[in-house]
Amino acid sequence: MGAVEHIDDVVPPQYEIRATRYGGRGVFALRPIPKDTLVLACAAPYASVVFRKFKREVCGWCFAYSFESGKNKWSIRNGDGGGGTWFCMDECRESWKIVTQANKRKVSCDRKPSSNSGASPMLEHLDNLKEGDVTPEAISHGWKVAEKVFFEEAKSVAGSWGVEVMSEFEMDTVRFVLNGLITRAIQEISPSTSSAATAGVWDDLLSLQDNEYALIRSKPYILASRIRIYGFIKRFVQLARSELVSTPETVRAILARDHGNVFGIWDTAPDDEESEMLGWGLYVSGSYFNHDCSPNLKKRRHKRGINFYTTHDVNADEELCISYVDVCPGASVINRKTALENDWFFVCQCARCARESNVEIDLCIRD
Ligand SMILES: C[S@@+](CC[C@H](N)C(=O)[O-])C[C@H]1O[C@@H](n2cnc3c(N)ncnc32)[C@H](O)[C@@H]1O
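Source: prediction; values computed, not measured.

Draft legend 1. Quick look at the overall build of the protein. Looking only at helices and strands, the protein features 12 helices and 14 strands. Counting the 367 residues in the protein, one finds 34% classified as buried. Contacts spanning at least 24 positions in sequence make up 69% of the contacts within the protein whose residues lie at least 6 apart.

Structure, rendered in structure tokens:
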């Protein structure tokens, strides 16, 4: 595959985003597109995170995996004390600095959580939320209570409720959200920054499908988890733009578009080798591709970006789709549908599922 990073300037639009017959939006070819065509190059994520456990092995800028270069870990890191971010080369560290430390704005953890005495009693009920209790109103009410609790707490240190234990995944999610907050703050300070062109802007993020309700309805404990993540950021992270976290809206908006829209950041092992997920990223313009169990697109990571290529000739007006789950010929329709319903919360409407479901119904009737 070529090393193209950005194609928007060089080719006329090959597709448009419009409503699908089964609801929501999808991506449709405007003209015939031959096999192996690069249809979209998302050069950078709006927000991303490398799993904490890979921090030393995955470059904080281009996501290069040290093992693929025959090294155990990278040795170049940012100069800040504490945690730090590691890079595969000086150029990556410099690019990272330009983006994350624009105008010397400070984003850091300014205090260590000092106690572990649990949530405010006003938030405790969220730990026992049941599926039947989850409504959009109940979720908004939970966030309102959280806002009040953290506001009161900020007024009086003596009244602090302490800190709940955060899981590794929650801490990774904290870093993902912070990365999005940094992108937003930097684009507001310097609207002409290159990330606006390559990663999209805040309104682009807001235009993505909001999956908060679907996710929390399916896993009610997620609401408490997300409020913990917001509480941690509000209490312990010093942001130059503190108004971004003075109320939960911005953090909530990022979290609502995390599940269901993000892509895994995978190592770049050849297709026939096992690969490892190193983190995840929100590539705004790549999040309009729906799933199909016979996809006509495949994605491939290119440095910080993800490129989307056609896997066969596509007709004008055909929907361009990727696959969200294992769709190999042996993956049964039941397994595919179950995976999509359990992990993605939708009933797959693709032609392969319709065809294979009909065959299964026929077999049942004959039996
Ligand atoms: C990443 S978004 C894709 C863009 C989305 N359709 C939109 O309007 O923003 C994923 C969501 O699209 C819908 N979707 C994707 N593939 C689908 C399919 N095969 N059948 C039904 N809905 C699908 C589901 O609602 C899913 O949560």
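Draft legend 2. Looking closely at the sheet that holds strand 13 (residues 305-310). Judged by pairing direction, the sheet is antiparallel, and its three strands sit side by side in the order 3-13-12 without closing on themselves. Taken across any chain shown, the strands that pair with only one partner, and hence form the sheet edges, are strand 3 (38-42) and strand 12 (297-302). Each adjacent strand pair in this sheet contributes to an overall mean axis angle of 20 degrees, direction not counted. For strand 12 and strand 13, the ladder comprises six bridges, and the chain directions are antiparallel. Within the sheet, the bridge partner assigned to R300 lies in strand 13 and is N307.

Draft legend 3. Structural detail: the nonpolar core. Ranked by internal contacts, the top residues of the largest apolar core, which has 70 residues, are C59, V177, I233 and L320. The element best represented in this core is helix 4 (residues 168-189), accounting for eight residues. When residues of this core are assigned to domains, at least three fall in each of domain 1 (15-42 + 283-333) and domain 2 (47-256). Once residues lying within four places of it in the same chain are set aside, the contact partners of C59 are A64, W74, W86, F87, C88 and C92. Of all hydrophobic cores here, the second largest spans five residues; its members include C293, V327, C348 and C350.

Draft legend 4. Structural view of the packing of helix 3 (residues 136-155) against helix 8 (residues 221-236). One can describe the packing of helix 3 onto helix 8 by two numbers: an axis separation of 11 Å at closest approach and a directional angle of 30 degrees. With respect to their mutual orientation, helix 3 and helix 8 come out roughly parallel. Seen from above, helix 3 lies across helix 8 with right-handed handedness. Contacts between helix 3 and helix 8 involve I139, G142, A146 and F150 on the former and, on the latter, L223, I227, Y230, G231 and K234. Its residues assigned to classes, the contact of helix 3 with helix 8 comprises six nonpolar, two polar and one charged.

Draft legend 5. Molecular detail of the environment of R301. Considering the arrangement of structural elements, one finds R301 in strand 12. We classify R301 as buried; it has 20 C-beta atoms within 10 Å. The spatial distance from the C-alpha of R301 to the C-alpha of A43 is 9.6 Å, given a sequence separation of 258 residues. Residues contacting R301, with those up to four places away along its chain left out, are I265, W266, T268 and I306.

Draft legend 6. Here's a closer look at the sheet that holds strand 9 (residues 263-266). Strand order in the open sheet formed by three strands is 4-10-9, and the pairing between neighbours is antiparallel. Edge positions in the sheet fall to strand 4 (47-50) and strand 9, since each has one partner strand and no second. For this sheet the average axis-to-axis angle between neighbouring strands, irrespective of direction, equals 25 degrees. Summarising the sheet, strand 4 and strand 10 (residues 277-282) pair through four bridges and their orientation is antiparallel. The residue of strand 10 that forms the bridge with A47 is L282. Set on the sheet, helix 4 makes contact with strand 4 and strand 10; between it and strand 4 the angle comes to about 145 degrees.

The rules behind each value
Residues numbered from 1 in each chain as written. Predicted model: local features only at pLDDT ≥ 70, side-chain atom pairs only at ≥ 80, totals over all residues. Helix = DSSP H or I, 4+ residues; strand = E, 2+ residues; numbered from the N terminus. Buried ≥ 20, exposed ≤ 12 C-beta atoms within 10 Å, placed from the backbone. Contact = placed C-beta atoms within 7 Å. Pairing = 2+ DSSP bridges. Axes fitted to C-alpha atoms, helices over the stretch in contact; angles between N-to-C directions. Core = buried A, V, L, I, M, F, W, Y, C linked by C-beta atoms within 7 Å. Domains from an automatic or database assignment. Parallel < 35°, antiparallel > 145°, perpendicular 65-115°, else oblique. Left-handed = near helix turned anticlockwise from the far one by under 90°. Nonpolar A, V, L, I, M, F, W, Y, C, P; charged D, E, K, R; others polar.

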